[in-house]
Amino acid sequence: MKKVLVYLFLFNVISFAFAQNYSVVNVKVEDSQNHNNIATAEVSISELKSTTNEEGIASFKILPGIYGISVNATGYQPYNDILALMSLKDTTIVILLTRGLSQAFQQEQAREQEIEIVNDDLDRGISLNPLLLSSRDPYLNLASYNLSAGSFSPRGIERGGYESYINQVLLYNPELDRVNYSDISGLNDATRYSDDSYGLEPLYMSFGDIMGVSNILATPSRIRLGHQISYGISNKSWEHRLMYTYNSGIMQNGWGFAAAYSHRYAYDTYMPGTWLQADAFFFSAEKRFSERHNLSATIFASPQKRALASPTVKEAQELVDDPYYNPNWGVQNGEKRNARVRTTFKPYLILNDEYKFNDNLTWTNAFGFTTGIYGTTRLNWYNAPDPRPDYYRYLPSYQTDPSIAEIVTQRWQNDITVSQINWDKLYQINYLANLDGKSARYIVEEVHNDPTYFYYASNIKYTFNPSSIIYGGLQAYHYETHNYKKINDLLGANYYLDIDQYAERDFPDKPEMLYNNLDDPNRQLHVGDVFGYNYKLNTNDVNLWTQYKQTLPRVDYFVAGKIGFSNKYRNGLYRSGRFPDNSKGKSDQVNDLVGGLKTGAIFKISGKHYIKANIAGFTKPQSNLDIFLSPYNSNRINNDITAQKVLSADLGYHFNFKFLRGRITAYQTYILDHMDMRGFYHDEYQTYVYMSLSNMDELYQGLELGLEANIIPDLSISAAGNLGNYRYISRFKANVSFDNLSRPDTSYTVYSKNFYIPNVPQRAASVAINYKPNYWWFTLVFNYFDEMYMDFNPERRTQFALNNLGPDDPLINDIIAQQELSNGFTLDLSISKSWMIKHKYRLGVNFFLNNILDNQKLALFAFEQSRFDFDTKNIDKFPPKYMYAYGRTYMLLIKLSF
Amino acid sequence: MKLIKNFIVIASMILLFAGCVDDDFDVPPIDIPHVDFEANTTIAELKAMYSGGLDSIDTNIIITGIVVANDESGNFYKQLEIQDNSGGIEVRVDRYDLYTQYKVGQRVYIKCQGLFLGNYGGLVQIGYKYEGAIGRIPDAIVDQHIFKDSLPGTPPAPILTKISGLNSNYLSMLIQIDSVHFAEAGSKFAESDAITNRTILDRNGQTLILRTSNYANFASELLPAGEGSIRGILSIYNGTYQLYIRDLNDLVNWNENASLPFLETFSSNPLINNTWLAYSAASNKNWTYNSSNGNPGGCMEINGYGADGASDDWLISPEFDLTNATAASINFELWTQYSDAGLTQPMGIYILENYTSGDPSSSATNITNRCAMPAANSRVWTSSGTVNISDFIGKKVRLAFHYQSSGAASSTSTLWRADNVAIDFE
């Protein structure tokens, strides 16, 4: 058995030479078996990075102090340790690497777990955060690889809080306050390498946020050299994937080229009735004019077409005995057809320029641009029965007569045209409408939120000396979404009318109110026509930031600050019949001046103990989606708008013994004055309703624990745990608007104080056993999730909902209590093996088996419906909807690199 | 170059490998429904089998009919009206937007076994049991009982009838009544908060209730003035006929400028603004307005009992210009109580010519013998029948009711009421 041998001469060397103001540390990297030099290994000491030369040496200039050191080389297991440099003396350390699988293989699993699910009512997607994939922190390793299959989010922050960049261009959707991870999906090998920070610590190109920053390095100088071909099969979000990545590296003429292509598809993914067809393209060219000047251009796109699953009520899932029952599909002419198909195509162009004036001063410029489509289809209908099979009136529980409920149950269980969408029937009904020359009763419409995004950043880095660096720069972007609906399929009908049927019903004597576009009323619509609503949301944002970092023998610290300006407005393209004077043209501008400060320090008690502390306070503008009272049809702005305030701090103790390393961190974050807009179709009032929530104050506090124990060199056990307490600490204010104006706008108080932040487990733990004999890697992981709470309907936590109930009525608790979701555990296994063929070709095989015990009771998310029967106060009339985490899944990857 | 070649080769391999998910779907052909069984019972026969209460249908009865009304306008709710040559029946179905599947003109077959007959206010319906009474056929079993046959065709022509000709055979059938108008012209079909009754009148003053749901999409439209034909489905509630129209197309050939036949229902006191005139030739008991004892509503009344002597009183209608008329008739209703020992007929009906004021007797022509008069002390509203007055064509005339009593005692005076006076001329 080969052991990992580490020689750190430095622990024994103490010297007092003051001849120079830094030490030159040469890190020599060798193969543990034959002591051959390993070239092109990546060595980092704290945030300094270098690559070994032909002699296997990387040089650093550092001050005495305690640093984290890590080494990564292809074909070897990653190496992490602490470097304690106690004096100003030049020195050489030798690090022996054990052959095995690289970090990159391990990352594969997490990156592939990306899933995306649409929630009809909240239109929320869930996807994995690749920011966390490359962490060397034992807590984050486990949390990101394993707990992400449930709904775990580090520190409870589900959206926002992260900044993710690719080549220093922010991948961001300011409307959803979320990173657009799906824009790089399918480009795993091209986007594998990144610089990351976790928590409040900034990276080198921004002020950062509260959860971390990641900069994916996707240029020929950064991507792995040579060819990489991988093929995978899986039963998750794709069935087959082929991916090819090539990088020439920077050649002698200064040019470098990298390219990647992948294709993923599935006829049936894990969720019934869903499929995927996705390609991904990547091309990057880099020109190194001199050691000082570097220019690169990168284009990529990840066009996808994906059929979606939607959450549904437990009753439907139980009727068909499938927790993954998906109401979105049905049979048409013998084929499965899904009504909700998402089409995305957003090609990016990124330009980077880096210029070093001298060894101390570097100036970088990054420009990014994307424009494209983001459309999701769905059924719509006009004065016709609801076509969705899980509509509550079609379920047995709606029947009062048990014998009829039994008939409905039988039909649900035996007739697929009942339990799924009956497409053929929709066509026949449209054909009958054609006979009268009438409008379609049923159509498939495509809801578009097409983005256009310009991003520019200009950053300066000035190194006073190796231990003292100042960064600063400017970030600016313009983000615009074009929101509209388009006819996707008339389902056999001849045309559709662009009117609001709900206004038509409620205002029969005001015909102008039913037109969605007064300037072009009574339009007959055909496939491809835009209708319904049509507006653009614009966000303009610019900020100036700076950051200073210093490394001292016993303490590292940083201070950072930013000041920014944000501008938002709506630009209506239709004159709505409901708001003829306040829907077309530009809305009032919403401007915010924001800013903040951050500081943090690492106190190095010794090479084995250190303490990290960070604190930040800043303001943040509200999202464009949350500030308009009825964005589909008017420019009206919520008057309660105010910037969000974020206050966050953490304090951690880190230890690093020979056989045990880990940390325990306490964290606390306040997000105050958050706003949220929820739009939903209100079945009782039969109109679309906008609920704009303001004054949402959130508290996220907890403890994180991470441990990694090396029992014997090839066997390690790691553990991660989180004890969180994530709560709303204020009473929301709700502003409610009815799309068809059938009722006046109202506002009321939501008694939401001390409610849990929903759909994220407050407690989670993960324990992994890693066994890594030579060229093999076995990992068995046990994951535990607990204390996750359902998203609640604000209307049920109002005075109105409790009207006519006595103080001791047991119904009160039923109505207002927040429901806890079931806890549970999963077991995952991964096996990896690699071979070297003819000293040139490396063949790697990864096999992942997730949720081996097939636990199908873990909710991914669940929410109460946005309806409440105020008369009977029966909370079971409109029961919650659920989406469950995948049961047993597998993925097999074969990868050839040369 | 070798690199580029490699790249091209590998890229081509990938493209060959690439699987594609087909998302172009075949469009289903138009389904022309066909029923391969036959009806064995007419609708009238089925209704005749109804024995009262909630009546289950246990035998293999199959009826067929054409849909004549559905829920398209919202005036009918979860129900279809179907008819064959023998009659019509209301089918109650627990499903929304039935019209998207069962259009007017659609032939349907109903397998009745397992369904129920019941009645609501006297209207026989077919449906399902619900809490011991007749309810709607559950959505889940509709398709096991109601079958469409062929594409929707031309709906049957409405049965042409008159208000006076309505009978129970026409219930749940499409009927048409010509030459009618609305008593509440200018009002909404239905008030916004409730199902609303309006009054249809024909030229003879015969009335029929028009019943409209506030959920009908034409509920807030106004009842037109003028005259025309009306179509609809005949219904009944506790002995009173009601008509439901399907939509505004059921008002046919409507002429809003038509001069209406004169009709007075005495909904308010006509003496106040001198629309009608009262002339008292004797006694202090005169024609007065009675707001509650009419047929229905208000009427005019006179009673000589307790007067200061024998009465002699005239009630005189507005003037009608028959100068250009080609035909003219009148119609009215009378009610009487008690007997006058001194007079065999205390009430006389007269036509006045060119009357303006004063004692009318000089210009009056007695037409009492042309009219059906109520028997003494009969206490029943009695129609005069259609009384021909074509002999007055070319003149300006008024109708007058002439009351007399032989004294003021209970045996020498009578009580009379008059209502629903119609004068029809063309």
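Being a predicted model, the structure only gives us computed values, none of them experimental.

### A short note on the overall build of chain B
Then comes step 1: A count of helical and extended segments in chain B gives three helices and 29 strands.
Then comes step 2: Referenced to the eigenvectors of the C-alpha coordinate spread, the extents of chain B come out at roughly 130 × 60 × 35 Å.
Then comes step 3: Within chain B, the proportion of its 426 residues that are buried is 41%.

### Looking at the overall build of chain A
Then comes step 1: Within chain A one finds eight helices and 52 strands.
Then comes step 2: Here the C-alpha coordinates of chain A stretch approximately 95 × 65 × 55 Å along the principal axes.
Then comes step 3: Here chain A, with 898 residues, has 51% of them falling under the buried criterion.
Then comes step 4: Long-range pairs, those at least 24 residues apart, make up 70% of the contacts in chain A with a sequence separation of at least 6.

### Some remarks on the interface of chain B and chain A
Bring the parts together and some accessible area is lost; that lost area is often taken as the interface size.
Then comes step 1: With 30 residues of chain B at the contact, the number on the chain A side is 36 residues.
Then comes step 2: Counting residues per element, the ones that place at least two in the side of chain B that touches chain A are α1 (2-17) and α3 (139-145) of chain B.
Then comes step 3: Sort the elements by how many residues they give to the side of chain B that touches chain A and α1(B) lands first, with six residues.
Then comes step 4: Residue classes in the side of chain B that touches chain A are distributed as 19 nonpolar, five polar and six charged.

### Quick notes on the sheet that holds strand β10 (residues 169-170) of chain A
All names here are of chain A.
Then comes step 1: One open sheet accounts for four strands, arranged β10-β9-β14-β13; its pairing is mixed. Two strands close off the open sheet at either side, each with one partner strand: β10 and β13 (194-198).
Then comes step 2: Bridging between strand β9 (residues 162-166) and strand β14 (residues 212-216) involves five bridges; their strand directions are parallel. Considered in β14, the bridge of Ile166 is made with Ile216.

### Brief notes about the domain arrangement of chain B
All names here are of chain B.
Then comes step 1: Each assigned domain of chain B is listed with its residue range as follows: domain 1 (43-149), domain 2 (159-259) and domain 3 (263-425).
Then comes step 2: Each side of the interface is counted separately: domain 2 has four residues, and domain 3 has six residues.
Then comes step 3: Of the residues in the side of domain 2 that touches domain 3, the class split is one nonpolar, two polar and one charged.

### Structural notes on the sheet that holds strand β28 (residues 421-422) of chain A
Residues and elements named next belong to chain A.
Then comes step 1: Reading across the sheet, the three strands line up as β23-β22-β28 and stay open at both edges, with mixed pairing between neighbours. Taken across any chain shown, the strands that pair with only one partner, and hence form the sheet edges, are β23 (335-338) and β28.
Then comes step 2: Strand direction decides the pairing type here: strand β22 (residues 329-332) and β28, joined by two bridges, are parallel. Looking at the pairing, Gly330 lines up with Ile421 of β28.

### Considerations on helix α4 (residues 402-414) of chain A
Then comes step 1: In this model, α4(A) (13 residues) spans 18 Å end to end at C-alpha, consistent with the 18 Å of a helix rising 1.5 Å per residue.
Then comes step 2: Of all the residues in α4(A), the buried ones are Ile404(A), Val408(A), Arg411(A) and Trp412(A). Down the axis, α4(A) shows its buried residues gathered within 100 degrees of arc, on one side only. Turned more than 90 degrees away from the buried face of α4(A) sit Pro402(A), Ser403(A), Gln413(A) and Asn414(A), all of them exposed.
Then comes step 3: For α4(A), the secondary structure elements touched by its buried residues are α3 (314-319) and α5 (416-419) of chain A together with α3 of chain B.

### Considerations on helix α6 (residues 423-435) of chain A
Residues and elements named next belong to chain A.
Then comes step 1: Along its 13 residues, α6 runs 19 Å from first to last C-alpha, staying within 8% of the 18 Å computed at 1.5 Å per residue.
Then comes step 2: Those residues of α6 that sit buried are Trp423, Leu426, Tyr427, Gln428, Ile429, Asn430, Tyr431, Leu432 and Ala433.
Then comes step 3: Just downstream of α6 lies Gly437, where phi reads positive at about 70 degrees.

### Describing the nonpolar core
Then comes step 1: With 108 residues, the main nonpolar core has Ile166(A) and Ala859(A) as its most contacted residues.
Then comes step 2: Ignoring anything within four residues of it in the chain, the contact list for Ile166(A) reads Leu171(A), Ile184(A), Thr191(A), Ile216(A), Ala218(A) and Ile350(A).
Then comes step 3: By size, the runner-up hydrophobic cluster in this structure holds 51 residues, among which are Ile110(B), Phe182(B), Leu208(B) and Ile245(B).

### Digging into the environment of Leu525(A)
Residues and elements named next belong to chain A.
Then comes step 1: With respect to the secondary-structure elements, Leu525 resides in strand β32 (residues 524-525).
Then comes step 2: Judged by local crowding, Leu525 falls into the buried class, with 21 C-beta atoms found within 10 Å.
Then comes step 3: When the C-alpha atoms of Leu525 and Lys486 are compared, they prove to be 9.3 Å apart, with 39 residues separating the residues in sequence.
Then comes step 4: Setting aside residues up to four positions removed in sequence, Leu525 forms contacts with Ile487, Tyr495, Tyr496, Leu497, Asp498 and Phe531.

### Things to note about the confidence of the model for chain B
Then comes step 1: Residues with a pLDDT of 70 or more make up 94% of chain B, whose mean pLDDT is 89.
Then comes step 2: Interface confidence in the predicted complex, given as ipTM, is 0.73; pTM for the same model is 0.82.

### Focus: the environment of Thr665(A)
Residue and element names in this part refer to chain A.
Then comes step 1: Of note, Thr665 is situated in strand β39 (residues 660-682).
Then comes step 2: Residue class for Thr665 comes out buried when judged on the 23 C-beta atoms lying within 10 Å of it.
Then comes step 3: In this structure, the C-alpha to C-alpha distance between Thr665 and Thr52, residues 613 residues apart in sequence, is 34 Å.
Then comes step 4: Not counting residues within four places of it along the chain, the set of residues in contact with Thr665 comprises Asp650, Leu651, Gly652 and Glu704.

### Topic: the pairing of strand β4 (residues 48-51) of chain A
Residue and element names in this part refer to chain A.
Then comes step 1: With four bridges connecting them, strand β3 (residues 42-45) and β4 associate as antiparallel partners. Bridge pairing links Ile45 to Leu48 in β4.
Then comes step 2: Counting the residues in the hairpin turn of β3 and β4 gives two residues, including Ser46, whose phi is positive at 50 degrees.

### As for the domain arrangement of chain A
Then comes step 1: When the domains of chain A are assigned, the result is domain 1 (6-98) and domain 2 (657-898).
Then comes step 2: Here the C-alpha centre of domain 2 of chain A lies 41 Å away from the C-alpha centre of domain 1 of chain A.

### Side note on unusual backbone geometry
All names here are of chain B.
Then comes step 1: In the segment running from Asn295 into Pro296, the intervening peptide bond is cis, with an omega of -10 degrees.
Then comes step 2: Secondary-structure assignment places Pro296 in the loop between β19 (288-290) and β20 (299-303).
Then comes step 3: Although it is not a glycine, Ser179 sits at a positive phi angle of roughly 55 degrees.
Then comes step 4: Within the secondary structure, Ser179 sits in strand β11 (residues 174-182).
Then comes step 5: Look at Asn253: it is not a glycine, yet its phi comes out positive at around 50 degrees.

Each value, and the rule that gives it
Residues numbered from 1 in each chain as written. Chains lettered and ligands numbered in written order. Predicted model: local features only at pLDDT ≥ 70, side-chain atom pairs only at ≥ 80, totals over all residues. Helix = DSSP H or I, 4+ residues; strand = E, 2+ residues; numbered from the N terminus. Buried ≥ 20, exposed ≤ 12 C-beta atoms within 10 Å, placed from the backbone. Contact = placed C-beta atoms within 7 Å. Nonpolar A, V, L, I, M, F, W, Y, C, P; charged D, E, K, R; others polar. Pairing = 2+ DSSP bridges. Domains from an automatic or database assignment. Expected span 1.5 Å × (residues − 1). Arc of directions from axis to C-beta. Core = buried A, V, L, I, M, F, W, Y, C linked by C-beta atoms within 7 Å. pLDDT = per-residue confidence, 0-100.

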